[in-house]
Amino acid sequence: MDTAQALRDLATAAQLTASATAVLSQTDLTAGHAAYFALLTEHLGQQQSRTQLHAAHALRRTGAHKLDQASFQAITDAGTNPTLEQIEATHGHTIAGRTHFKSARGLMHDWLDIPRSTAGDRLVQADCLIGRIDEAGQQLDPWLPELAATFTDPTVDPRLVAATASKLHSARKDLGAGKAGRDKLRQLQAKSVAFLNAEPKSARKHINDLVAEVKSGKRPLKALLECIGIFKRGTRQGLVEYVLRVLPSHAAFIEAFFAKVDNPATVAGNRERLKDAEAHFTGEPGSDWDDEESMPDWAKGGNRSGPDDEDPDDSPAADDPDEDPGSDDPDDDPDSEDPDDAPADSSDSQTPEPAAPWEEMKPERRRLIGLMALLMTNRTTDSQPEPGFGSAQVSIVMNWEKMQRQAQDFAVTSSGIPLSPGEARAALCTAGIYPLVLNGASLPLDLGRTQRLFSKAQGRAIRAAYRGCSYPGCSMPAERCELDHLDPWEKGGRTDIASADLKLPDPPHRPALRTLPDGQDRRPPATGLALHRT
């Protein structure tokens, strides 16, 4: 059978499937015929999935994306019910110059309207199960030969085999190169084929566990770099969702920036500036919108309108009997004594809102606003650049002895995130370095009674040594703690490293945690916190 007749049969099969479905879906079936309908449809779906992979492989093997415009037009004119003469006219001609589609994936997405991710998955599965194509257009052996043999078995669901191929392909960077990597791949294939043949219903779960086990160890950098990025999930319930996957070195900067945003005493956590940043997106009044002149154009016309800006006859309250008209005289409203029912435009409503809502705001929302404010840093206006927000600062503590031994775990951030030697070297090339030598003389950082507040250099040293809250049982990272004197300053305490303490800020509703149970002492050992700056 030549290819023209095979294509004609495929078109006929599509027509027969459509006509049979139209009859079987509108006719009263017996229970037996309904079960047979479902069985044949499932078998047809399996055959269709196998055919889709072969079609994707054929597109790339033949270079179909290089067809000229006349060839694509001839295929379109032939349609889904072609004659043999029309099929013969669709042999097509490829061009060597600039092509309409860049690749087989682009052809599948732009011409066949297949989602780009689905097109990519089919091409990957074709590489694994049918054969790869080199740069010269020559076909090579499939990447997963044992699984490829299972793919041709008519008794095995090809959809399950294709999903297994995609799963194993996702772990290719974790397997490593050389003979060891090839051995791991053969073992994965053998176990996967055994599950597909013995336990097809639960094979997917077992294979996922196998791949997860491969990825659970120390992953190569190439495997990590392939997975990182910002991925858009789409719009759900009116919100745009993103998934952020980062390296540990990235996470250190993010955590440090969030710690700054959560602290209202820092530049990044300044509540008024954050409120102004959010106003750019929500339309709520910012802290610097004193009048109509200071408001941007998109915020004018209603966001700050009061009783002096609108006609009482045109106000929404005049049309809605359930809306409080907002009388300025509290005696006109019999319920005005209830503070919850106070008039909307009373004098109390003109006072600025307290800062409590911002402090009670969920940390997730506050951090998002801080991140957006950071993205808006150094935006220019017609007059002068806008002052930027504070940037994140990450402290990296390196163990000199471990680094001399070329150990892999000699560097860790102050928030407890370990860094690889490569990440530590990259940080040394660009970071400001503040050397801290543990267990040395601490006199350069001891200020005694000369000043009450700890210096920035002392803060870096104390956070580097403690790595977190010094209160027993507390796991709060150092960036979220504040410096404190073990001995109160008013009672002769000294601003020295050995007399320093890291603790959580004491909220107004909770008493300060100053006394430890059973007479324990938070004072650090004399040899454990002696630091000096070289």
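Position labels on residues start from 1 in each chain and follow its written sequence. Given that this is a predicted model, residues contribute local features only at a pLDDT of at least 70 and side-chain atom pairs are listed and counted only at 80 or more, while totals for whole chains, interfaces and linings are drawn from all residues. Water and hydrogen atoms were dropped before computing side-chain values, which therefore reflect all heavy atoms in the structure.

J.: Explain the nonpolar core here, please?
T.: Nine residue types can take part in a nonpolar core, namely buried Ala, Val, Leu, Ile, Met, Phe, Trp, Tyr and Cys, and a core is a set of them joined through side-chain atoms within 4.5 Å. With a 1.4 Å probe rolled over the protein chains alone, any residue whose accessible area is under 20% of its type maximum counts as buried; one over 50% counts as exposed, and the rest are partly exposed. Within the largest apolar cluster, 24 residues are counted, with the highest numbers of intra-cluster contacts made by Leu129, Leu144, Leu147, Val161 and Leu196. Per the convention used, a helix needs a DSSP run of H or I reaching at least four residues, while a strand needs a run of E reaching at least two, with both numbered from the N terminus. Going through the elements one at a time, helix H6 (116–129), helix H7 (145–151), helix H8 (158–170), helix H10 (178–198) and helix H11 (203–216) are the ones with two or more residues in this core. With 5 residues, H8 is the single largest residue contributor to this core. The criterion used for residue contact is that any of the two residues' heavy atoms lie within 4.5 Å. Filtering out sequence-adjacent residues up to four positions away, Leu196 remains in contact with Leu147, Thr150, Leu160, Val161, Thr164, Ala203 and Ile207.

J.: I tried to follow the packing of H10 against H11 on my own but got confused; where do I start?
T.: Packed helices, taken two at a time, are described by their axes: the angle between them and the distance between them. The angle between two axes is taken between their N-to-C directions and runs from 0 to 180 degrees, where each axis is a line fitted to C-alpha atoms and a helix contributes only its stretch in contact. Across the interface, H10 lies against H11 with an axial gap of 9 Å and an inter-helix angle of 165 degrees. One way to sum up the angle between H10 and H11 is to call them roughly antiparallel. As H10 runs across H11, the sense of the crossing is right-handed. Between H10 and H11, the residues in contact are Leu188, Lys191, Ser192, Phe195 and Leu196 and Ala203, His206, Ile207, Leu210 and Val214, respectively. Should an angle lie under 35 degrees it is considered roughly parallel, over 145 roughly antiparallel, and from 65 to 115 roughly perpendicular; all remaining angles are considered oblique. Handedness of a crossing follows from how the near helix is turned relative to the far one, being left-handed for an anticlockwise turn of less than a right angle and right-handed for a clockwise one.

J.: Can you help me understand the pairing of strand S2 (residues 239–245) in this one?
T.: On a regular strand, one side chain projects to one face of the sheet and the next to the other, so that they alternate. Two strands pair if DSSP finds at least two bridges between them. Pairing of strand S1 (residues 229–236) with S2 involves 7 bridges; the strand directions are antiparallel. Across the sheet, the residue bridging to Arg236 is Leu239, located in S2. A loop of 2 residues connects S1 with S2, the two strands running antiparallel in sequence, and Gln237 in this loop sits at a positive phi of about 55 degrees.

J.: I would appreciate a short explanation of the environment of Arg452 in the present structure.
T.: Of note, Arg452 is situated in the loop between strand S6 (436–438) and helix H20 (456–466). Apart from residues no more than four positions distant in its own chain, Arg452 is found in contact with His485, Trp489, Glu490 and Thr495.

J.: Looking at this structure, I do not really get the sheet that holds strand S4 (residues 411–413). What am I missing?
T.: Adjacent strands of a sheet form backbone hydrogen bonds with each other and so pair up, either parallel or antiparallel. Here 3 strands make up an open sheet; going across it, the order is S3-S4-S5 and the pairing antiparallel. Here the strands that pair on one side only, and so sit at the sheet edges, are strand S3 (396–398) and strand S5 (418–419). Alignment of S4 against S5, held across 2 bridges, turns out to be antiparallel. Counterpart to Ala411 in the pairing with S5 is Leu419.

J.: What is the right way to look at H6 in this model?
T.: Residues separated by three or four positions in an α-helix point in the same direction, a consequence of the helix having 3.6 residues per turn. Given the number of residues in a helix, its expected span is that number minus one, multiplied by 1.5 Å. With 14 residues, H6 ought to run about 20 Å at 1.5 Å a step, and its terminal C-alpha atoms sit 20 Å apart, in line with that. Buried residues belonging to H6 abut helix H2 (31–62), helix H5 (104–110), H7 and H8.

J.: I keep staring at the packing of aromatic side chains and nothing clicks. Help me out?
T.: Centre distance and the angle of the planes are the two values used to describe a pair of aromatic rings. Aromatic pairing here means that ring centres of Phe, Tyr or Trp (its six-membered ring) are within 6.5 Å. Orientation follows from the plane angle: under 30 degrees is stacked, over 60 is edge-to-face, and everything else is tilted. Applying the stated criterion across every chain, the model contains 3 aromatic pairs. Considering the side-chain rings of Phe72 and Trp111, the 5.0 Å spacing of their centres and the 65 degrees angle between planes classify their relative orientation as edge-to-face. Taken together, the residues span a long stretch of sequence, with Phe72 in helix H3 (residues 69–78) and Trp111 in the loop between H5 and H6 at a distance of 39 residues. Phe72 gets classed as buried once you look at its relative accessible area, which sits at 5%. On the basis of an interplanar angle of 50 degrees and a centroid distance of 6.4 Å, the ring pair of Phe257 and Phe258 is categorised as tilted. Of the residues examined, Phe258 reaches a relative accessible area of 18% and is grouped as buried. Feature note: the residues Phe72, Phe101 and Trp111 constitute an aromatic cluster, connected by ring pairs. The ring centre of Phe151 lies 5.4 Å from the NZ or CZ of Arg50, which sits over that ring. A ring is scored as having a charge over it whenever the NZ atom of a lysine or the CZ atom of an arginine sits within 6 Å of its centre and within 35 degrees of its normal. Its guanidinium or amino end placed over the ring of Phe231, Arg245 lies 4.9 Å from that ring's centre, counting from NZ or CZ.

J.: Explain the confidence of the model for the protein chain to me, please; I cannot follow it from the model alone.
T.: The predicted coordinates ought not to be read in detail in places where the model reports low pLDDT. Across the chain, each position has a pLDDT score giving the predictor's confidence in that residue, from 0 to 100. Here the protein chain shows a mean pLDDT of 76. Residues at 70 or above account for 72%. For residues 379–389, every residue scores under 50 in pLDDT, and the model assigns this stretch 15 contacts once sequence neighbours within four places are set aside. Confidence drops under pLDDT 50 across residues 507–534; counting only partners more than four residues distant or on other chains, this segment forms 68 contacts.

J.: Whenever I open this one, the side chain of Asp127 confuses me. Can you help?
T.: With respect to the element layout, Asp127 can be found in helix H6. Among the polar contacts listed, one links the side chain of Asp127 to the side chain of Arg60, at a separation of 2.4 Å. For Asp127, the contacting residues outside a window of four places in its chain are Arg60, Arg132, Ile133, Pro142 and Trp143. Any pair of N or O atoms that falls within 3.5 Å is considered a polar contact. Within protein, one atom must be able to donate a hydrogen and the other to accept it, and sequence-neighbouring residues count only if both atoms are side-chain atoms.

J.: Got a minute to help me understand unusual backbone geometry in this structure?
T.: Trans is the prevailing form of peptide bonds, just as negative phi is the prevailing case for residues other than glycine. A positive phi angle, close to 60 degrees, is found at Asp113, a residue other than glycine. For Asp113, the position within the fold is in the loop between H5 and H6. The backbone of Gln237 sits at a positive phi, close to 55 degrees, despite the residue not being glycine. Positionally, Gln237 belongs in the loop between S1 and S2. Taking relative accessible area as the criterion, Gln237 reaches 84% and is therefore assigned exposed.

J.: Looking at this structure, how should I read H20?
T.: If you check which residues of H20 are buried, you get Gln458, Gly459, Ala461, Ile462, Ala464 and Tyr466. Taken from the residues just after H20, Arg467 is the one with a positive phi, measuring 65 degrees.

J.: Honestly, the pattern of salt bridges in this entry has me stumped. Any pointers?
T.: Pairs can form between side chains of opposite charge whenever their charged atoms are close. Salt bridges, as used here, are contacts in which a Lys or Arg side-chain nitrogen is within 4 Å of a carboxyl oxygen on Asp or Glu. Scanning all chains against the criterion turns up 14 salt bridges. Residues Glu226 and Lys173 are paired through a salt bridge, measuring 2.9 Å at the closest nitrogen-oxygen approach. You can see Glu226 sitting in helix H12 (residues 221–227) and its partner Lys173 sitting in helix H9 (residues 172–175), a full 53 residues away along the chain. With relative accessibility at 38%, the residue Glu226 sits in the partly exposed group. Notably, a salt bridge pairs Arg366 with Asp262, separated by 3.5 Å at the nearest N-O pair. Note that Arg366 is positioned in helix H17 (residues 363–375) and Asp262 in helix H13 (residues 248–262), a separation of 104 residues in sequence. Comparing Arg366 with Asp262 shows no difference in burial state: the two are buried. What you see here is one network of salt bridges that share partners, running through Glu42, Asp157 and Arg159.

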